Amino acid sequence: MDAPLRQLVTAVGGYDLCTSEFVRVTRQISPEKVFHRFGPELKNGSKTPSGTPFRIQLLGSDPDYMAKNAQTAVRLGSPSVDLNFGCPAKTVNASRGGSVLLDEPELIHQITRAVRDALPQDIPVTVKMRLGYKDPSVCIDNALAFQDAGASELVVHARTKTDGYKPPAHWHYLREIREALDIPVVANGEVWSREDWLRCYESSGCDQVMVGRGAVARPDLARQLSEPDFEPWHWHHFVQSLQDYWRILSDLYAAEQCSDHYRVIRVKQWLNQSRRGFEEAPGLFESIKRIHRAEDMADALSRIS
Ligand SMILES: Cc1cc2nc3c(=O)[nH]c(=O)nc-3n(C[C@H](O)[C@H](O)[C@H](O)COP(=O)(O)O)c2cc1C
């Protein structure tokens, strides 16, 4: 989820916190403009325009450079730093980043410790992990390694890297992790509705949840989860949101912060990613997927009823 979508979704409400896409750390300190590209919120007190707190996430395997980049993120205003040990992407794993490190408990301990030691004590260091690379039974040892290295919260995507995104998510492992740890464990994976969340809670015992694809597909998801009486959105609410998203992107274009091409592509991508949230989404996607010019997209979006 990029900044324009975070702006939209957090304005709908229900979120306590949101995290950047991962900033890839190699053997250099990324320039400030990279952090600002991943997190324009840093220039707004590390909050989205509607006031939801935001933090930077880093992904990498070099403890020293992870620490130095974490210092930059904090200097630029990130109130905490999240470390990604969950990414399954081949290119990322091939260069020793993301979930592949879950087979190297000593290294993940070193990375987390280096980042923890490099930051002021009042800045939390948090971790996002999968259950393991292939074998989920490493989850407790890894979770303990993160805690021992000073992580103050752990978000667990309840699948291994080999599981990819294939349902189901194995929430029951989260209960074991939670019971082994003293720090808060946040559940993640396959929560698309309030019903999913109640099942996840029952299985994991975690009282906090992080949502990924569900947040993209249903802008009202966090409100469904946090407000028992909330009436889930109908299609016309989503259409309104799509038009709002177009306006957010068009403002960025007017401020020369994105290209014409980008705003057209992003609005199509988002609609495509909303298939699971609204049964009307695929039909609308079919009708706009061949539009290339911004004027035509603006026109098409304004005509949806
Ligand atoms: C296209 C895509 C990009 C993602 N990028 C990130 C990322 O940058 N950082 C991260 O922690 N998780 C990332 N994730 C994983 C999600 O945060 C989440 O852990 C995963 O999708 C499972 O949760 P869900 O079932 O709620 O989607 C990404 C997932 C997808 C599908």
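Going by the structure above, here's the rest.
The numbers attached to residues start from 1 for each chain and follow its sequence in the written order. It should be noted that, the model being predicted, local features are given only for residues of pLDDT at least 70 and side-chain atom pairs only at 80 or more, the latter also being counted only at that level, while totals for whole chains, interfaces and linings use all residues. Excluded from the side-chain calculations are hydrogens and water; all other atoms, namely the structure's heavy atoms, are used.

## Thoughts on the overall build of the chain
Okay, step 1: By definition, any uninterrupted DSSP run of H or I lasting at least four residues is a helix, any uninterrupted run of E lasting at least two residues is a strand, and each is numbered from the N terminus. A count of helical and extended segments in the chain gives 14 helices and seven strands.
Okay, step 2: Using C-alpha atoms as the atom set, the radius of gyration is obtained and then compared with a globule rule of 2.2 Å times the number of residues to the power 0.38. Scaling as 2.2 N^0.38, a compact globule of 305 residues should have a C-alpha radius of gyration of about 19 Å, and the chain matches this with 20 Å.
Okay, step 3: Seen through its principal axes, the chain has C-alpha atoms that stretch 55 × 45 × 35 Å.
Okay, step 4: Type-normalised accessible area, obtained with a 1.4 Å probe on protein chains alone, sets the label of each residue: buried when under 20%, exposed when over 50%, and partly exposed for intermediate values. Counting over 305 residues, the chain shows a buried share of 53%.
Okay, step 5: The criterion used for residue contact is that any of the two residues' heavy atoms lie within 4.5 Å. For the chain, the share of sequence-separated contacts (at least 6 apart) that also reach a separation of at least 24 residues comes to 66%.
Okay, step 6: Surface accessibility follows the Shrake-Rupley procedure with a 1.4 Å probe radius. Residue values consider only the protein chains on display as shielding. When the accessible area of the chain is evaluated, it comes to approximately 14100 Å², of which 50% is carbon and sulfur surface.
Okay, step 7: Just so you know, the count uses Lys and Arg for positive and Asp and Glu for negative, and it drops His and the chain ends. For this purpose, a charge sits on NZ of Lys, CZ of Arg, CG of Asp or CD of Glu. One finds the centroid of the 37 positive side-chain charges in the chain at a distance of 6 Å from the centroid of its 40 negative side-chain charges.

## Details of the pairing of strand β3 (residues 81-85)
Okay, step 1: Most of β3 is tucked away: five of the five residues are buried.
Okay, step 2: Of the two faces of β3, the one lined by Val81, Leu83 and Phe85 and the one lined by Asp82 and Asn84 are each fully buried.
Okay, step 3: Only strands joined by at least two bridges in the DSSP assignment are considered to pair. When strand β2 (residues 54-59) meets β3, the two strands line up parallel, connected through three bridges. In the sheet register, Leu58 faces β3, and the bridge partner there is Leu83.
Okay, step 4: Handedness rule for crossovers: strands pointing away from the viewer, path from the first strand over the helix to the second running clockwise, crossover right-handed. For the crossover from β2 across helix α3 (residues 63-75) to β3, the handedness is right-handed.
Okay, step 5: Across five bridges, β3 lies against strand β4 (residues 125-132) in parallel orientation. What sits directly across from Asn84, in β4, is Lys128.

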